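Chain by chain, the residues:
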Amino acid sequence: MARATPGARTSDRTVSVAVVDAGRDVVVIGIRHHSPACARIVAETIERLQPTHVLIEGPADFTDRIDELRLDHKLPIALYSHVRRGAHTRVTWAAFTDWSPEWIALRSASKVSAEVRLIDLPAWHPAFDGPPDEYSVAATVLAARLGLDTVDAMWDHVVESRADTLTVEELTAVLDDYFDAIRVGDATVSEREQYMASWIRAARERPGSGAVVVVCGGRHRPAIMSELARGRPTDGSWPAVPTAGPDVDIGSYLVPYSYSRLDLESPWWYEKLWQKTASAGEVAAAAIVRDLRSRNQRVSTTDFIGFRTQILGLAAIRGHTLPTRRDVLDAAASTLVGEALASPLPWTLAGEPLGPEPDPVISACMRTMRGDRRGTLHPDSPVPGLVCHVDMLLEEFDLLPGPVVLDLADECSRQRSRALHQLRVLGVPGFERTAGPGSGSAVVSTERWMIVDSADRLPVLVEAAAKGHTLVEAAGATLESSLTSAAADVERIAHILFDAVLCGLDSVADRTESIASESLKDVGDLGGTGLLLRAALDLWRHDSLFGSRGSTLLGAIIDSASSQVVALAHRVRATTGGADLLRISALAALSDAMEYATEILSTDPADELTALARDNGAAVDIRGSALGTSWDRIPPDAAVDAVRSIPAEHLGDWLCGLFGVARERFLDAESSDTVLTAVDEIVSRLSEHEFLTALPALRQSFEFFPPRERDIIARRLTTSTPEAAVVNSLDVGRQLDARVDDALAQIGMR
């Protein structure tokens, strides 16, 4: 819809700020969030028109709590909202600064006793589930047409640089043209825009209604104007506010915010632009130089004067009545940077990324212009139940600021430890673990923490309430989300599961079990899966330190990891490489799971492992490991046949797999002597070259046995041999060892 010209009135009684007839008309002010220029338009319009209603884009279901915004907060703060549907959680923040147009609208409305309502759909509404409204493409194209490299630079050039010289009516016309331009070609009216328009029509038609001032995002203004032009009849009743279903968990709370979190480049600069419009450039120059000097960067008085002069010069060349943020930053780069820069100036790029080693001047500019202000809430501000729950637990467990030492063998200390780990997993600041067991196999029972007060604790806990109403529930949801994002990273999965053990999260194991099991299905690392299986099995069987013995969560992991070990072992085919100790360890962990956790395995892998042991295309160490899982059930003839099926040069690798999985059972099994005899027969028939080729792997395989057990094996081999022959055999062996050592020494390998 075209903007009304001065002196004209549109058929829908929605006109420009210049000609509004108080008591009859509606003014829709399209704004950019955190714009000082837009804030001035809002303040002056409300003060002049004294409207009956001020309608602000914001969640309509928060209108009844709008007095919370009127408390004496220190800005910035944000209205934080969450919606949780099953395992899916979506969160939003609507931040307020001292110069946010929405905040100014709220404050100005109070001064003129106008009724304030928030008129957008609730933040939990499905209309927000899709991709966010995007007009960046059109805005970027427009910026390029103006010869500017970022949308922020364009906004300052078109709007902020002229705010002090244009009248409200003139500046409003500029804004309307700007937002019409970036919405061009999009004639659709979204569900949100239709809903906001319905509130505006109701306010306009209410009995006794005076002027209505609407403050909304500039991109929405053209669509809202179009919707209002349709002139749909209304009796002035306020639209119904949607309500969430019983299966949806929602919440909205105010949280302290900070300049570092604002979705705004250089908030400190815009604060100064709001406070000291005419002198903001000089204030910024002085602050940047002060920052540099405080860090021992030399900036002379001459440099400072040149910096200030350059700001004014750039502003004049660019047609800015007031220096813009880019004028200040470009002037700093041209007068204070002494050497060539390795990367582009960050403010010439969207998102303002710093280079790998930014120049001290560039760093000072970015640091100063962003600022470090942090907001605080009034003590009477409501908080979600999670905050109260945490406060209660900290008091109950006597977790006060200072060092905390816990003995995990004590049940009370273990409960305190779990609460602290849950806070750590949620990322709540002020709870640092300085010492303690780092894995399930650790034997350390003492845990040390340092607790400190932190201003960030409240906002983090408020935001964590989106994940659950209790500490256990929120920590569990966090770990589940981490498991989902871990995908096939088995090391990360293992780390997350150990965190679950430390947090004592079996009470939320149902969802965690399925998520962890799904994550393991895509893991392709046999060795890593084996390590995870071993850690879970050890904790499930033996742990009393963390209280995880018999854990249902760990049981599910053991079952899933066991199946995955079998599947991955089948994929390892024969190669020229030797034995891999990690994959042998994985089969050893599987063997232990088959022996000690049979009741929790959903399938018995014995048949698959038997087939794998006979698979000539499989890696020989895998074949030996697979046979080792059932070694105590192998008859002697079958064991000898298995030995003779392995090529002599790979016999040591096969034995590595066998001994790595079944070392103890090998010594006790009936078939062991026949296997040793078969191995001895094969080795004795090898030529010297063949023997030297096979020797390293053979040596490696018998290293699975400690010296005492190697002695037992040697005696078994020689029990039926006359002593002289044994001595002669040992002498021959010693001579061969000596020859091998000499050969290695000659090539520098000894």
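Before any of the text, the structure's been laid out above.
Residues numbered from 1 in each chain as written. Predicted model: local features only at pLDDT ≥ 70, side-chain atom pairs only at ≥ 80, totals over all residues. Heavy atoms only, no water.

Trainee: Whenever I open this one, the overall build of the protein chain confuses me. Can you help?
Mentor: Counting its regular elements, the protein chain contains 29 helices and 10 strands. Long-range pairs, those at least 24 residues apart, make up 75% of the contacts in the protein chain with a sequence separation of at least 6. (Helix = DSSP H or I, 4+ residues; strand = E, 2+ residues; numbered from the N terminus. Contact = heavy atoms within 4.5 Å.)

Trainee: How should I be thinking about the pattern of salt bridges in this particular structure?
Mentor: In a structure, side chains of opposite charge can pair up when their charged atoms sit close to one another. Here the structure, examined in full by the defined rule, presents 35 salt bridges. Residue Arg 192 is joined to Asp 120 by a salt bridge in which the shortest nitrogen-to-oxygen separation is 2.6 Å. In this pair, Arg 192 is assigned in helix α6 (residues 191-205) and Asp 120 in strand β5 (residues 115-120), connecting sequence segments 72 residues apart. Neither residue differs from the other here; Arg 192 and Asp 120 are each classed as buried. Between Glu 681 and Arg 644 there is a salt bridge whose closest N-O contact spans 3.6 Å. Of this pair, Glu 681 sits in helix α26 (residues 672-684) while Arg 644 sits in helix α24 (residues 636-644), placing them 37 residues apart in sequence. Ionic contacts of the salt-bridge type, sharing partners, join the residues Asp 149, Arg 318, Arg 326, Asp 327 and Asp 330 into one network. (Salt bridge = Lys/Arg side-chain N within 4 Å of Asp/Glu carboxyl O. Buried < 20%, exposed > 50% of the residue type's maximum accessible area, 1.4 Å probe, protein only.)

Trainee: Looking at this structure, how should I read the sheet that holds strand β7 (residues 248-256)?
Mentor: Strand pairing in a sheet relies on backbone hydrogen bonds, with the paired strands running either antiparallel or parallel. A sheet is described by the order of its strands in space; here three strands give the open sequence β4-β3-β7, paired in antiparallel fashion. Two strands bound the open sheet, and with one partner strand each, they are β4 (88-96) and β7. Within this sheet the neighbouring strands show an average axis-to-axis angle of 15 degrees, counted without direction. Pairing analysis gives nine bridges linking strand β3 (residues 77-85) to β4, with the strands arranged antiparallel. Bridged to Arg 84 within β4 is Thr 89. Along the sheet, helix α15 (residues 457-464) makes contact with β3, β4 and β7, crossing β7 at roughly 165 degrees. (Pairing = 2+ DSSP bridges. Axes fitted to C-alpha atoms, helices over the stretch in contact; angles between N-to-C directions.)

Trainee: What am I meant to see in the packing of helix α14 (residues 411-425) against helix α16 (residues 471-486) here?
Mentor: For any two helices packed against each other, the geometry comes down to the angle between their axes and how far apart the axes lie. Contact geometry of α14 with α16 gives a least axis separation of 9 Å together with a crossing angle of 50 degrees. By the angle class used here, α14 and α16 are oblique. Where α14 crosses over α16, the two elements pack in a sense that is left-handed. In this structure, α14 contributes Ala 419, Gln 422, Leu 423 and Val 425 to the contact, and α16 contributes Leu 471, Val 472, Ala 475, Thr 478 and Leu 479. Residues that form the contact of α14 with α16 fall into these classes: seven nonpolar, two polar and no charged. (Parallel < 35°, antiparallel > 145°, perpendicular 65-115°, else oblique. Left-handed = near helix turned anticlockwise from the far one by under 90°. Nonpolar A, V, L, I, M, F, W, Y, C, P; charged D, E, K, R; others polar.)

Trainee: Would you mind going over the side chain of Arg 583 with me for this structure?
Mentor: Relative to the elements of secondary structure, Arg 583 occurs in helix α21 (residues 581-596). Among the polar contacts listed, one links the side chain of Arg 583 to the side chain of Asp 621, at a separation of 2.7 Å. If sequence neighbours within four positions are ignored, Arg 583 has contacts with Leu 526, Val 572, Gly 578, Ala 619, Asp 621 and Ile 622. (Polar contact = N/O pair within 3.5 Å; in protein donor to acceptor, adjacent residues only side chain to side chain.)

Trainee: Would you mind showing me how to read the sheet that holds strand β8 (residues 402-407) here?
Mentor: Taken in spatial order, the three strands make up an open sheet running β8-β10-β9, and their pairing is antiparallel. A strand with exactly one partner marks an edge of an open sheet, and here the two such strands are β8 and β9 (431-435). With direction set aside, neighbouring strand axes in the sheet form an average angle of 30 degrees. Strand direction decides the pairing type here: β9 and strand β10 (residues 446-451), joined by four bridges, are antiparallel. Residue pairing for β10: Arg 433 is matched across the bridge by Trp 449. Seen against the sheet, α14 touches β8, β9 and β10 and runs at an angle of roughly 50 degrees to β10.

Trainee: What am I meant to see in helix α2 (residues 101-111) here?
Mentor: Since the α-helix advances by 3.6 residues per turn, residues separated by three or four positions end up pointing in the same direction. Along α2, eight of the 11 residues are buried, which leaves the element largely enclosed by surrounding structure. Among all positions in α2, only Pro 101, Glu 102, Trp 103, Ile 104, Ala 105, Leu 106, Ser 108 and Ala 109 are buried. Where α2 terminates, the next one or two residues include Ser 113, which has phi positive at roughly 60 degrees.

Trainee: What should I look at first to understand the pairing of strand β1 (residues 26-31) in this one?
Mentor: Consecutive side chains along a regular strand alternate between the two faces of the sheet. With six of its six residues buried, β1 lies for the most part within the structure. Here β1 shows two buried faces, one formed by Val 26, Val 28 and Gly 30 and the other by Val 27, Ile 29 and Ile 31. As paired elements, β1 and strand β6 (residues 212-217) share six bridges and run parallel to each other. Paired with Gly 30 across the two strands is Cys 216, which belongs to β6.

Trainee: Got a minute to help me understand the packing of aromatic side chains in this structure?
Mentor: This model, assessed by the stated rule, comprises 11 aromatic pairs. Taking 6.1 Å as the distance between ring centres and 70 degrees as the angle between the ring planes, the aromatic pair formed by Trp 99 and Tyr 259 counts as edge-to-face. Of this pair, Trp 99 sits in the loop between β4 and α2 while Tyr 259 sits in the loop between β7 and α8 (267-275), and the two are 160 residues apart along the sequence. Judged on exposure class, the residue Trp 99 and its partner Tyr 259 are both buried. Measuring from centroid to centroid gives 4.7 Å for Phe 659 and Phe 705, while their planes differ by 70 degrees, and the two rings are edge-to-face. Note that Phe 659 is positioned in helix α25 (residues 651-668) and Phe 705 in the loop between α27 (688-702) and α28 (707-718), a separation of 46 residues in sequence. You can call Phe 705 buried: its relative accessible area is 1%. (Phe/Tyr/Trp six-rings, centres within 6.5 Å; stacked < 30°, edge-to-face > 60°.)

Trainee: When you look at empty space enclosed by the protein in this model, what are you seeing that I'm missing?
Mentor: Unfilled space is identified by rolling a water-sized probe across the atoms. Taken as a whole, this structure holds two cavities of 30 Å³ or more when the rule is applied. In this model, the largest cavity occupies a volume close to 40 Å³. Ranked by the residues each element gives to the lining of the largest cavity, the list is headed by α14, at four residues. Here the residues of the lining of the largest cavity are counted per class, giving four nonpolar, two polar and two charged. Estimates place the volume of the second largest cavity at around 30 Å³. Taken together, Asp 156, Glu 160, Ser 161, Trp 269, Tyr 270, Leu 273, Leu 322, Pro 323, Thr 324 and Arg 325 form the lining of the second largest cavity. For the lining of the second largest cavity, the leading source of residues is α8, giving three residues. A breakdown of the residues in the lining of the second largest cavity according to their chemical character gives five nonpolar, two polar and three charged. (1 Å grid on protein atoms, 1.4 Å probe; cavity = no way out; pocket = protein on both sides within 12 Å on 5 of 7 lines; lining within 4 Å. Points joined across faces, edges and corners; volume = space filled by probe spheres on them.)

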